[in-house]
Amino acid sequence: MRADDVSLHVLQRPFPEDFVAFYPYVRPEVLGPERSGWRGWLCRVIEEGVPGVTDRMIAARDTTTGEWVGVVWTSVSLACPELAHFGWFYVAERCQGLGVGGRVIATCLDTLGADGVRMIMLPTQIDNERAVGMYYRRGWELSIIDPRGGVWMVREPAGFYEQTFTPDPLRPIRAGEPQPSDYVPLDYLLSRPTAPIRLLPLGLVGNRRFMSFVHDWEGARHMVARQGGCPVALAVAVEEGGGSKLDVFGLDRRAMAVAATELADSVGRPWAEVAATDGLRRMALEDAGLHFEDSRSETVAGAEIALCRYVR
Ligand SMILES: CC(C)(COP(=O)(O)OP(=O)(O)OC[C@H]1O[C@@H](n2cnc3c(N)ncnc32)[C@H](O)[C@@H]1OP(=O)(O)O)[C@@H](O)C(=O)NCCC(=O)NCCS
């Protein structure tokens, strides 16, 4: 078989029955034990659909036998149609290494590009050399690696991340509870090394969480600041230390302050701990009505850092 012996298809819901029967990532032997917890969500993706996104399967079919042999799932945020998530890529074992995967990605890039998507992020594992190399040669770069080897890769024009998540100073920013259409942009917002340092205790780091599908929204309170529908900051609070431990991330002080204020107003006894050097986050918390109480030292990832405690 050669790569030319497959036809490429852009599938929308409802997916053809034989394609649903083929879909590999609901099969335990493909998913493997470490990803078995995602099976329920993947069944939803293939059978019912998930809210907040326009999603498609880019699929390859063997033209001789008629069998489906490859697929990748793409989802575009309804809130930010320039951002897409690319995931769960698979080529049947008998067809691997022949160029089929390369053709699936080319069709995916053409399809998303024609729709105006400019930033495509994907999760993979650093030890999946074949996949990482394949993405890198097609313009993706590593953005963040979690200590267990999960990585995010992003493909975007230079400066587009900053531009997308830096709000216009003249336009309003409003905060509200997270909505499904926030998830892809939130994954994107948190996909940089600068993002997760203090959100780390809440598990909001690397592709271990995926706002898009496996994040535990019940485990904490969240508030999203948005401008023009697109998320620009995320605040999180967990019950801890006799109050609500608060944290916030965004690129912009005002956006962070809007999310932190709304959240601090809705929880009991908000407090926060921020690295002394994290000037932007400290100012945003002050804007949200918290004030400095005291500081202490802690060893984080082998380094001694000074932490400032803020209370309201
Ligand atoms: C990753 C996968 C989808 C790629 O599909 P494929 O049809 O095998 O890919 P191709 O034949 O088009 O090869 C793609 C590239 O990988 C290279 N490649 C192929 N086999 C390789 C190997 N064993 N090691 C390193 N590179 C390899 C090819 O030379 C090609 O290089 P190019 O970028 O210059 O085109 C497929 O191998 C697969 O399903 N793997 C198991 C699941 C998986 O890892 N999914 C990705 C999760 S992020």
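Note that the structure is predicted; figures quoted are calculated from it, not measured. (Residues numbered from 1 in each chain as written. Predicted model: local features only at pLDDT ≥ 70, side-chain atom pairs only at ≥ 80, totals over all residues. Heavy atoms only, no water.)

J.: Tell me what's going on with the nonpolar core, and back it up with residues and numbers.
T.: Ranked by internal contacts, the top residues of the largest apolar core, which has 77 residues, are Phe-19, Tyr-23, Met-57 and Phe-86. When residues in this core are grouped by element, the largest group, seven residues, is from strand β4 (residues 83-91). Counting contributing residues per domain, this core is built from domain 1 (3-117) and domain 2 (163-311), each supplying no fewer than three. For Phe-19, the contacting residues outside a window of four places in its chain are Leu-11, Ile-46, Met-57, Ala-59, Trp-68 and Val-71. (Core = buried A, V, L, I, M, F, W, Y, C linked by side-chain atoms within 4.5 Å. Buried < 20%, exposed > 50% of the residue type's maximum accessible area, 1.4 Å probe, protein only. Helix = DSSP H or I, 4+ residues; strand = E, 2+ residues; numbered from the N terminus. Domains from an automatic or database assignment. Contact = heavy atoms within 4.5 Å.)

J.: Can you explain the site of the ligand? Please cite residues and give values.
T.: If you check the shell around the ligand, you find 19 residues, and the closest are Gly-99, Gly-101, Gly-102, Arg-137 and Arg-138. Between the ligand and Arg-130, the relevant distance is 3.3 Å, taken from an oxygen atom to a side-chain nitrogen or oxygen of the residue. A total of 940 Å² of accessible area belongs to the ligand in isolation, and the protein chains cover 69% of it. Elements with a contribution of two residues or more to the shell around the ligand: β4, α4 (100-114), β5 (119-125) and α5 (129-136). Tallied by class, residues from the shell around the ligand come to nine nonpolar, seven polar and three charged. (Near = heavy atom within 4 Å. Polar contact = N/O pair within 3.5 Å; in protein donor to acceptor, adjacent residues only side chain to side chain. Areas by Shrake-Rupley, 256 points an atom, 1.4 Å probe, with all protein chains shown as cover. Nonpolar A, V, L, I, M, F, W, Y, C, P; charged D, E, K, R; others polar.)

J.: Can you break down α4 residue by residue, with the values?
T.: Its 15 residues place the ends of α4 21 Å apart at the C-alpha level, agreeing with the 21 Å of an ideal helix rising 1.5 Å per residue. Considered for burial, the residues of α4 that qualify are Val-100, Gly-101, Gly-102, Val-104, Ile-105, Thr-107, Cys-108, Leu-109, Thr-111 and Leu-112. Two residues or fewer after α4 comes Gly-116, characterised by a positive phi angle close to 90°. (Expected span 1.5 Å × (residues − 1).)

J.: Break down unusual backbone geometry for me, with residues and values.
T.: Cis rather than trans, the peptide bond between Arg-13 and Pro-14 has omega equal to -5°. Its place among the elements puts Pro-14 in the loop between β1 (6-11) and α1 (17-22). Not every positive phi belongs to a glycine, and Trp-88 is a case in point at roughly 60°. Tracing the sequence through the fold places Trp-88 in strand β4. On the basis of relative accessible area, Trp-88 is assigned to the buried category, the value being 10%. Located in the positive-phi region is Arg-269, a residue other than glycine, with phi close to 45°. With respect to the helices and strands, Arg-269 occurs in the loop between α9 (253-266) and β12 (270-275). Relative accessible area serves as the criterion here: at 64%, Arg-269 is assigned to the exposed category.

J.: Any chance you could break down the sheet that holds strand β10 (residues 230-240) for me, citing the residues and the numbers?
T.: Taken in spatial order, the seven strands make up an open sheet running β8-β9-β10-β11-β12-β14-β13, and their pairing is mixed. The open sheet has two edge strands with one neighbour each: β8 (174-176) and β13 (291-300). The sheet shows a mean angle of 30° between the axes of neighbouring strands, taken without regard to direction. Along the sheet, α9 makes contact with β8, β9 (221-227), β10, β11 (243-250) and β12, crossing β9 at roughly 145°. Across the face of the sheet, helix α10 (residues 279-287) comes into contact with β11, β12, β13 and β14 (303-311) while running at roughly 125° to β11. (Pairing = 2+ DSSP bridges. Axes fitted to C-alpha atoms, helices over the stretch in contact; angles between N-to-C directions.)

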